[in-house]
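Residue strings, one per chain:
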Amino acid sequence: MTIRLGLAGTGRIGTAHAETLKALPGISGVVVTDADTERARTTATKLGVEFAPDIEAVLGADIAGLVIATATDSHPELILAAVDRGIPVFCEKPVAADIAGTLEVIDHVETSTVPVQIGFQRRFDAGYVAARAAASSGELGWLHTLRATTLDPAPPPAEYIPRSGGLFRDCGVHDFDIIRWVTGREVTEVFVLGGNRGERFFADAGDVDTAAVLLRMDDGALATVSLSRYNGAGYDVRLEVLGSKGNAVVGLDDRAPLRSVEPDYPASPFPAYPGFMDRFRRAYTEELTVFTDVATGRIENPCTPRDALEAFYIAEACELSRRERRPIPVDEVRR
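Values in this document were obtained by computation on a predicted structure and should not be read as measured data.

**Student:** Even after reading the chapter, I still don't get the sheet that holds strand 3 (residues 50-51), so can you show me in this structure?
**Tutor:** Sheet strands line up and pair through hydrogen bonds in the backbone, either parallel or antiparallel. With parallel pairing, the 6 strands of this open sheet are ordered in space as 3-2-1-4-5-6. Strand pairing shows two members of the sheet lacking a second neighbour, strand 3 and strand 6 (116-119), which therefore form its edges.

Written out as structure tokens, the structure is:
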């Protein structure tokens, strides 16, 4: 059986998704659209996929699923438009720009049986999958510490920051989700310090360019998350899972942007990862492959809007902690 899929949004990640979808087995066609119709038309021509002038044309094109890679503020409308037509959805995080909007989408979606898969691609990365297996099998013993990093090599454009949701909702939310997923535990409390030593536009938007996050898990384990928009050595995303019997480290490979200054330790001959598309290329492919199985009913949805909501709650608690400079129980921001 072959299927056609629709895609809304032909920016960087949307174009990459369209290219990936086109190459997947079982995909007979990809129909793309964008609020910028000329950009969508150009992308369609370049990739050899179908162009649609608007989302209504995509939803009416006999598609088996819709991939949403548009600006955050359009996510709720597009999710509901597809679900109301019985069309399964894959949507890049977040579900909505805030908790209230996320809850509205969840309330609507959960009255339906149509699946909505949210894009947390780290769940499909081989290293994180292996770390989860090691943690759940007991081979690490009981977990006491997790250390996560998401360090961008350079900041995004200034105009992106005011609409990004801030460092925790835009960037750290991936770490919060993957810590929950790898450990199978919930975060109960957060404490955050943030800083601005880079461009002024972060502070002007009420955001920070660097942060240190401390999380307390519901079993007493502690996790730290280091976030920065300025890591000139390259794109650095790692997770250390430390237990009473052993440990597992994700992202420690020859392309990790780490330089040892030990005199007898050789430098890696391979270039550091320049960005998230290179680091997670295989994970994005696996994630979309799984979505085709979700859309056709072959497997259960592996990442629901409620999963995204839990990570969003942690991000909200982090932002409140940063602003008020105090520990925040995650329950304080729940609704």
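**Student:** Can you walk me through unusual backbone geometry in this structure?
**Tutor:** One can expect most non-glycine residues to show negative phi and most peptide bonds to be in trans. The residue after Lys93, namely Pro94, is reached through a cis peptide bond having omega -5°. Looking at the secondary structure, you find Pro94 in the loop between strand 5 (89-92) and helix 5 (99-109). In this model, Asp62 sits at a positive phi of 55°, which is unusual for a non-glycine residue. Looking at the element boundaries, Asp62 is found in the loop between helix 3 (55-59) and strand 4 (65-68).

**Student:** Even after reading the chapter, I still don't get the pattern of salt bridges, so can you show me in this structure?
**Tutor:** On inspection of all chains with the given rule, the structure shows 29 salt bridges. A salt bridge links Glu110 to Arg306; its shortest N-O distance comes to 2.8 Å. Here Glu110 is found in the loop between helix 5 and strand 6, whereas its partner Arg306 is found in helix 12 (residues 305-324), with 196 residues between them in sequence. Among the residues examined, Glu110 registers a relative accessible area of 47% and is labelled partly exposed. A salt bridge links Glu189 to Arg216; the nearest nitrogen and oxygen atoms lie 3.4 Å apart. Taken as a pair, Glu189 in strand 8 (residues 187-195) and Arg216 in strand 9 (residues 210-217) lie far apart in primary sequence, 27 residues in all. For Glu189, a relative accessible area of 27% gives the class partly exposed. When salt bridges with common partners are traced through the structure, they connect Lys93, Asp152, Asp170 and Arg229 into a single cluster.

**Student:** Where do I start with the sheet that holds strand 9 in this structure?
**Tutor:** Read across the open sheet, the 7 strands follow the order 12-11-7-10-9-8-13; overall the sheet is mixed. Strands with a single pairing partner mark the edges of an open sheet, and in this sheet they are strand 12 (247-250) and strand 13 (328-329). In terms of strand pairing, strand 7 (residues 143-151) meets strand 10 (residues 222-228) through 7 bridges, oriented parallel. Note on strand 10: the bridge partner recorded for Leu151 is Ser228.

**Student:** Sorry if this is basic, but what is going on with a nonpolar patch on the surface here?
**Tutor:** The grouping of Val249, Leu252 and Leu258 at the surface amounts to a nonpolar patch, some 280 Å² of accessible area in total. Tracing the backbone shows Val249 in strand 12.

**Student:** Quick question: what am I supposed to make of the state of the cysteines here?
**Tutor:** In protein structure, a disulfide is the covalent linkage between the sulfur atoms of two cysteines. Tallied over the full model, the rule gives 0 disulfides. Sulfur of Cys91: no disulfide; nearest cysteine sulfur belongs to Cys303 and is 11 Å away. Judged by relative accessible area, Cys91 falls into the buried class, the value being 0%.

**Student:** I tried to follow the pairing of strand 9 on my own but got confused; where do I start?
**Tutor:** Put simply, side chains in a regular strand alternate between the two faces of the sheet. Every second residue of strand 9 is oriented toward a common face, the buried set being Ala211, Val213, Leu215 and Met217 and the non-buried set Thr210, Ala212, Leu214 and Arg216. Looking at chain direction, strand 8 and strand 9 are connected through 8 bridges and run antiparallel. Residue pairing in the sheet places Gly195 in a bridge with Thr210 of strand 9. Sheet topology places strand 9 next to strand 10; 7 bridges connect them, and they run antiparallel.

**Student:** Just to check I follow, could you spell out the side chain of Thr183 for this structure?
**Tutor:** Here Thr183 shows up in helix 8 (residues 167-183). A distance of 2.7 Å separates the side chain of Thr183 from the backbone oxygen of Ile179, its partner in a polar contact. Engagement of the side chain of Thr183 in a polar contact is seen with the backbone nitrogen of Arg185, the distance being 3.1 Å. Filtering out sequence-adjacent residues up to four positions away, Thr183 remains in contact with Leu143, Leu146 and Met217.

**Student:** How do you make sense of the UniProt feature "domain: GFO/IDH/MocA-like oxidoreductase" (unreviewed entry) in the protein chain when you look at a structure like this?
**Tutor:** Residues annotated in UniProt with the feature "domain: GFO/IDH/MocA-like oxidoreductase" (unreviewed entry) correspond here to residues 128-248. As annotated, residues 128-248 comprises 30% helix and 36% strand, and the C-alpha atoms at either end are separated by 9 Å.

**Student:** Teacher, can you tell me more about the pairing of strand 1 (residues 3-8) here?
**Tutor:** Judged by how many residues are buried, strand 1 sits mostly within the fold: 5 of 6 residues are covered. The pairing of strand 1 with strand 2 (residues 27-33) spans 6 bridges and is parallel. Paired with Arg4 across the bridge in strand 2 is Gly29. As for the winding sense of the linkage, the β-α-β connection from strand 1 through helix 1 (residues 12-23) to strand 2 is right-handed.

**Student:** Just to check I follow, could you spell out the side chain of Ser321 for this structure?
**Tutor:** Summarising the element assignment, Ser321 is placed in helix 12. The contact partners of Ser321, leaving out residues within four places of it in the chain, are Val190, Phe191, Val192, Arg326 and Ile328.

**Student:** How do you make sense of the layout of surface pockets when you look at a structure like this?
**Tutor:** Regions of empty space are outlined by a rolling probe, equal in size to a water molecule, passed over the atoms. In this structure, the second largest pocket encloses a volume near 410 Å³. In terms of lining residues, the second largest pocket is bounded by 16 residues, among which Ala256, Leu258, Arg259, Tyr265 and Ser268 are the most central. The residue inventory of the lining of the second largest pocket, partitioned by class, reads 10 nonpolar, 2 polar and 4 charged.

Parameters and conventions
- Residues numbered from 1 in each chain as written.
- Predicted model: local features only at pLDDT ≥ 70, side-chain atom pairs only at ≥ 80, totals over all residues.
- Heavy atoms only, no water.
- Pairing = 2+ DSSP bridges.
- Helix = DSSP H or I, 4+ residues; strand = E, 2+ residues; numbered from the N terminus.
- Salt bridge = Lys/Arg side-chain N within 4 Å of Asp/Glu carboxyl O.
- Buried < 20%, exposed > 50% of the residue type's maximum accessible area, 1.4 Å probe, protein only.
- Patch = residues over 30% accessible without salt bridge, like charges linked within 9 Å, V, L, I, M, F, W, Y side chains within 5 Å.
- Areas by Shrake-Rupley, 256 points an atom, 1.4 Å probe, with all protein chains shown as cover.
- Disulfide = S-S within 2.5 Å.
- Polar contact = N/O pair within 3.5 Å; in protein donor to acceptor, adjacent residues only side chain to side chain.
- Contact = heavy atoms within 4.5 Å.
- UniProt positions renumbered as here; feature names shortened; annotations may be inferred.
- Right-handed = clockwise from strand over helix to strand, strands pointing away.
- 1 Å grid on protein atoms, 1.4 Å probe; cavity = no way out; pocket = protein on both sides within 12 Å on 5 of 7 lines; lining within 4 Å.
- Points joined across faces, edges and corners; volume = space filled by probe spheres on them.
- Nonpolar A, V, L, I, M, F, W, Y, C, P; charged D, E, K, R; others polar.

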